[in-house]
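Structural overview for review
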Amino acid sequence: MEETQKAVTDAATWRSGREPGPGVWRFTAEPQESSVPRTRHAVRDRLLAQGMAGERYQELVDDLLLIVSELVSNAVTHAAALSPQVHCELTIAPERVRISVLDGHPYRPRAQENDPVRPGGRGLLLVKSVTLQAGGECDVERTEDGGKVIWASLPLPAPGPAGTGDGPDEDPDY
């Protein structure tokens, strides 16, 4: 996957057939471990390009990068056999940011309880915890072609006082 925006070829089955619009970016990756950091970097670069730099956005960006890492990692680990590609969608709306990961595997994952004896299996639990702590929501939905979309939506931070240098149009080094 390139670290730039890439259209998903099966847009007809992605999120009710909606084509990407303003504030929507899609990234496609092969189901392999190297796709996890590539997708994370692509999402980070897009968030920063959309003005989400600075102290005001740091926690949001950190949370989103953790979420995308976990979701893509899960798709690569568990869905690779049935999913030739993993798709990630980033949607930036006026009050929320949503990260979605689509794969072709029909299994609907559930967050596992924290079991110190069992290695792994806590990625979705971590995603749910981070999402809820940030005041967001997450869920798993079926796609029309039998796969699934796992998504998390987080609220944007409230604007800071004017002149603080952490808004998208302000340059703190100017």
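As a reminder, the structure under discussion sits directly above these lines.
Everything numeric in this text was worked out from a predicted model, so none of it was measured.

1. Some words on the overall build of the chain
Summing up its helical and strand segments, the chain has 3 helices and 5 strands in all. Taken from N to C terminus, the helices and strands of the chain fall in the order β-α-α-β-β-α-β-β. Within the chain, contacts between residues at least 6 apart in sequence are counted, and of these 65% link residues at least 24 apart. Just so you have it, the chain exposes about 9600 Å², and 50% of that area is on carbon and sulfur atoms.

2. Some remarks on the environment of Leu65
Within the secondary structure, Leu65 sits in helix α2 (residues 55-79). Residue classification places Leu65 among the buried positions, given a relative accessible area of 14%. In sequence terms Leu65 and Pro37 are 28 residues apart; their C-alpha atoms lie 9.6 Å from each other. In contact with Leu65, other than residues within four places in its own chain, are Arg40, Val43 and Arg44.

3. What about the pairing of strand β5 (residues 148-155)?
A large share of β5 lies buried, amounting to 7 of its 8 residues. In terms of strand pairing, strand β3 (residues 96-103) meets β5 through 8 bridges, oriented antiparallel. In the sheet register, Ser100 faces β5, and the bridge partner there is Trp151. In this antiparallel pair of consecutive strands, strand β4 (residues 137-142) and β5, the connection spans 5 residues, and Gly146 shows a positive phi of 95°.

4. Re helix α1 (residues 35-49)
Across its 15 residues, α1 extends 21 Å between first and last C-alpha, which sits within 8% of the 21 Å expected from 1.5 Å per residue. Buried residues in α1 make contact with β1 (24-29), α2, β2 (86-92) and β3. Within two residues after α1, Gly51 carries a phi angle of roughly 90°, on the positive side.

5. So, the environment of Pro157
On the secondary structure map, Pro157 appears in the segment after β5. Residues in contact with Pro157, not counting those within four places in the same chain, are Arg56, Tyr57 and Leu60.

6. Details of the pairing of β2
Successive side chains on a regular strand alternate, one facing one side of the sheet and the next facing the other. Where burial is concerned, most of β2 is hidden: 7 out of the 7 residues are buried. In terms of strand pairing, β2 meets β3 through 6 bridges, oriented antiparallel. Paired with Glu89 across the strands is Ser100, a residue of β3. Linking β2 back to β3 in an antiparallel pair, the connection comprises 3 residues.

So, how was this worked out
Counting restarts for each chain, with residues numbered from 1 along the sequence as it is written. Totals for whole chains, interfaces and linings use every residue, but because this is a predicted model, local features are given only for residues with pLDDT of at least 70 and side-chain atom pairs only at 80 or more, for both listing and counting. Note that water and hydrogens are dropped before the side-chain values are worked out from all heavy atoms of the structure. Segments assigned H or I by DSSP are reported as helices when at least four residues long, segments assigned E as strands when at least two residues long, and all are numbered from the N terminus. Contacts are assigned to residue pairs with any non-hydrogen atoms lying within 4.5 Å of each other. For the area figures, the Shrake-Rupley method with a 1.4 Å probe applies, and any residue is considered shielded solely by the protein chains shown. Exposure classes here rest on a 1.4 Å probe applied to the protein chains alone. A residue is buried below 20% of its type maximum, exposed above 50%, and partly exposed in between. By definition, two strands form a pair when at least two bridges between them are found by DSSP. Here the expected span of a helix is defined as 1.5 Å times the quantity of residues minus one.

Treat this as a map of the structure, not an account of what it does.
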